[in-house]
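# Descriptive structure summary
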Amino acid sequence: MNKILLLIIFITVNTYSQNKRLRDYGIEVGVLKTGINNAITDVKDVTVGHTTLIIGDSIRTGVTAILPHSGNLFQQKSPAAIYLGNGFGKLAGYSQVKELGNIETPIILTNTLSVPVASNALITYTLENEENQNVHSVNSIVGETNDGYLNDIRGRHIREEHVLSAIKNSKTGKVAEGNVGAGTGTICFQYKGGIGTSSRIIPESFGGYTVGVLVQTNFGGVFELNGVPIAKELDNYSRNFTYDVDGSCMIVVMTDAPLNARNLERLAKRAIMGLAKTGGIASNGSGDYVIAVSTAKDNLIPYQSSSLFNEKKELRNSAISPLFLGVIEATEEAILNSLLAAKSMTGRNGHEIKSLPIEKVLEILKKYNKLDSNE
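Computed from a prediction, not measured in an experiment: that's the story for all the values here. (Residues numbered from 1 in each chain as written. Predicted model: local features only at pLDDT ≥ 70, side-chain atom pairs only at ≥ 80, totals over all residues. Heavy atoms only, no water.)

## Details of the overall build of the protein chain
Summing up its helical and strand segments, the protein chain has eight helices and 15 strands in all. The principal-axis extents of the C-alpha atoms in the protein chain amount to approximately 65 × 55 × 35 Å. Taking all 375 residues of the protein chain together, the buried fraction comes to 57%. Considering only contacts in the protein chain between residues 6 or more positions apart, those separated by 24 or more positions represent 80%. Of the roughly 16,200 Å² of accessible surface on the protein chain, 49% is carried by carbon and sulfur atoms. Across the protein chain, 36 positive and 36 negative side-chain charges occur, with their mean positions spaced 2 Å apart. (Helix = DSSP H or I, 4+ residues; strand = E, 2+ residues; numbered from the N terminus. Buried < 20%, exposed > 50% of the residue type's maximum accessible area, 1.4 Å probe, protein only. Contact = heavy atoms within 4.5 Å. Areas by Shrake-Rupley, 256 points an atom, 1.4 Å probe, with all protein chains shown as cover. Lys, Arg positive; Asp, Glu negative; His and termini not counted. Charge placed at Lys NZ, Arg CZ, Asp CG, Glu CD.)

## Some details on the packing of helix α3 (residues 115-127) against helix α4 (residues 160-168)
Closest axis-to-axis distance for the α3/α4 pair is 8 Å, and the angle between their directions is 60°. The orientation of α3 with respect to α4, classified from their angle, is oblique. The way α3 lies across α4 gives a crossing that is right-handed. For the pair formed by α3 and α4, the contact residues are Val117, Ala118, Asn120, Ala121, Leu122, Thr124 and Tyr125 on the first element and Glu160, Val163, Leu164 and Ile167 on the second. In terms of residue class, the contact of α3 with α4 is made up of eight nonpolar, two polar and one charged. (Axes fitted to C-alpha atoms, helices over the stretch in contact; angles between N-to-C directions. Parallel < 35°, antiparallel > 145°, perpendicular 65-115°, else oblique. Left-handed = near helix turned anticlockwise from the far one by under 90°. Nonpolar A, V, L, I, M, F, W, Y, C, P; charged D, E, K, R; others polar.)

## Some thoughts on the pairing of strand β5 (residues 107-111)
Of all five residues in β5, five are buried; the element is thus mostly enclosed. Pairing of β5 with strand β6 (residues 141-145) involves five bridges; the strand directions are parallel. Bridge pairing links leucine 109 to glycine 143 in β6. Since β5 and β6 lie parallel, the crossover through α3 that links them has a hand, and here it is right-handed. (Pairing = 2+ DSSP bridges. Right-handed = clockwise from strand over helix to strand, strands pointing away.)

## What about the packing of helix α6 (residues 261-277) against helix α7 (residues 321-341)?
With their axes 7 Å apart at the nearest point, α6 and α7 run at an angle of 40° to one another. Judged by the inter-axis angle, α6 sits oblique to α7. You can see that α6 and α7 cross each other, and the crossing is right-handed. For the pair α6 and α7, contact is made by Arg266, Leu267, Arg270, Ala271, Met273, Gly274, Leu275 and Lys277 and by Leu323, Phe324, Val327, Ile328, Thr331, Glu332 and Ile335, respectively. Looking at side-chain class alone, the contact of α6 with α7 contains nine nonpolar, two polar and four charged residues.

## Description of the side chain of threonine 184
Within the element layout of this structure, threonine 184 appears in the loop between α4 and β7 (187-188). The class for threonine 184 is buried, based on a relative accessible area of 0%. At a separation of 3.4 Å, a polar atom in the side chain of threonine 184 contacts the main-chain carbonyl oxygen of threonine 61. The residues contacting threonine 184, other than those within four sequence positions of it, are Thr52, Leu53, Ile54, Arg60, Thr61, Gly62, Asn179, Lys192 and Met345. (Polar contact = N/O pair within 3.5 Å; in protein donor to acceptor, adjacent residues only side chain to side chain.)

## Overview of the packing of aromatic side chains
If you walk through the whole model with that rule in mind, you get three aromatic pairs. Pairing phenylalanine 189 with phenylalanine 223 gives two aromatic rings, centres 5.0 Å apart and planes at 35°, and the pair type is tilted. Note that phenylalanine 189 is positioned in the loop between β7 and β8 (191-192) and phenylalanine 223 in the loop between β10 (210-218) and α5 (230-234), a separation of 34 residues in sequence. Of the two residues, phenylalanine 189 and phenylalanine 223, neither departs from the other in class, the shared state being buried. Above the ring of phenylalanine 74, the side-chain terminus of lysine 77 is found at 3.6 Å from the ring centroid. Lying across the ring of phenylalanine 324, arginine 270 places its NZ or CZ 3.8 Å from the centre. (Phe/Tyr/Trp six-rings, centres within 6.5 Å; stacked < 30°, edge-to-face > 60°. Lys NZ or Arg CZ within 6 Å of the ring centre and 35° of its normal.)

## A few points about the pattern of salt bridges
All chains considered together, the criterion is met by 11 salt bridges. Its salt-bridge partner being glutamate 333, residue arginine 23 comes within 2.7 Å of it at the nearest N-O pair. Taken together, the positions of arginine 23 in the loop between α1 (2-14) and β1 (47-55) and glutamate 333 in helix α7 put the pair 310 residues apart, joining distant regions of the chain. Since its relative accessible area comes to 28%, arginine 23 is described here as partly exposed. (Salt bridge = Lys/Arg side-chain N within 4 Å of Asp/Glu carboxyl O.)

## Considering α6
Over its 17 residues, α6 runs 25 Å from end to end, which matches the ideal 24 Å to within 8%, given 1.5 Å per residue. Residues of α6 that are buried include every one of Asn263, Leu264, Leu267, Ala268, Ala271, Ile272, Gly274 and Leu275, and no others. Taken together, the buried residues of α6 touch β3 (76-87), β11 (248-255), β12 (287-294) and α7. Downstream of α6 by one or two residues, glycine 279 has phi in the positive range, about 105°. (Expected span 1.5 Å × (residues − 1).)

## Section: the nonpolar core
Core analysis: the biggest nonpolar cluster contains 52 residues, and Phe223, Leu225, Ile251, Val253, Leu323 and Leu365 have the highest contact counts within it. Listing elements by their share of this core, those giving two or more residues are β10, α5, β11, α6, β12, α7 and α8 (358-367). Ranked by residue count, the leading element in this core is α7, at 10 residues. Non-local contacts of phenylalanine 223, meaning those with residues more than four positions away in its chain, are made with Phe189, Val228, Pro229, Ile230, Ala231, Thr278, Leu336, Leu339 and Leu356. Counting 26 residues, the second-largest nonpolar core is a separate cluster that includes Leu109, Leu214, Met250 and Tyr289. (Core = buried A, V, L, I, M, F, W, Y, C linked by side-chain atoms within 4.5 Å.)

Listed below in structure tokens is the structure:
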């Protein structure tokens, strides 16, 4: 049975084709340029992998893995920070990142009840590396959103091998979006959500650094697109002001800028502004977390060293503002890409979630003169 399930999973991942994205419709967010793939993988050495479970009429879930570099992550740790926009969630590994300012495993995104098994898989992944034979403590980084409306979340169908497969198959280049990996069963603004990504390049005069963002969207609010009140125009928002059922948002930020943990936390805070620009409100029941990581090779932190000192080159506070703008724009666009790439889905108990009605959205954008009439 496991072999059959894995076969289905691999087919889902490897035959996935890229759906239309925001810029394919002539819609541009912000003023900064994107990277070549407009994805988190535009940050050099960053890789992303998915395992997707769409099985029968009730399993709609998966795993997304993000790796800051291809080396031994435990032996060469990356500076990192985590910011809590709203802490109604189960993010594993937060306290050690807060205390030490680094990560030592891949970042895994999955569903709420699969955090323990994903954490266990990261421990397996770390301990199986021959260079880590003397390691007796691993701080697994696992984020989640609740996909229980479409997915049989109580069945806890994610296994260690699904997590390890996502890590093993992670790659650079284009990133699959929408109903894939950890975004398979998610919902956003009452439409089908999913995985989305985007990137921004800082001008050379300000360092030429890249900021990449990947999101797992499963949250609510009053949807806007480039400042246009889409939810209001479509009359699709709660009059009871209860958005908790719409879940959470995980935001992963990667940058090659040499930032320490303190400035990475400042960067992470600005990602929440990108969420707000789409109409998200970080409601009471929403777990909205940002994990920000610097991939700058010279600033990797060795597990062991003969020196008492870390010798690094770090950006000054006064040089950070362009990165703030980049992460806000990339987060906003990543969320929008997740909605555009997602397709309507039917899942547990026949529950159905429709995709964003893009043709209606385009008409509204034209009404507000936010889209070329020829698009």
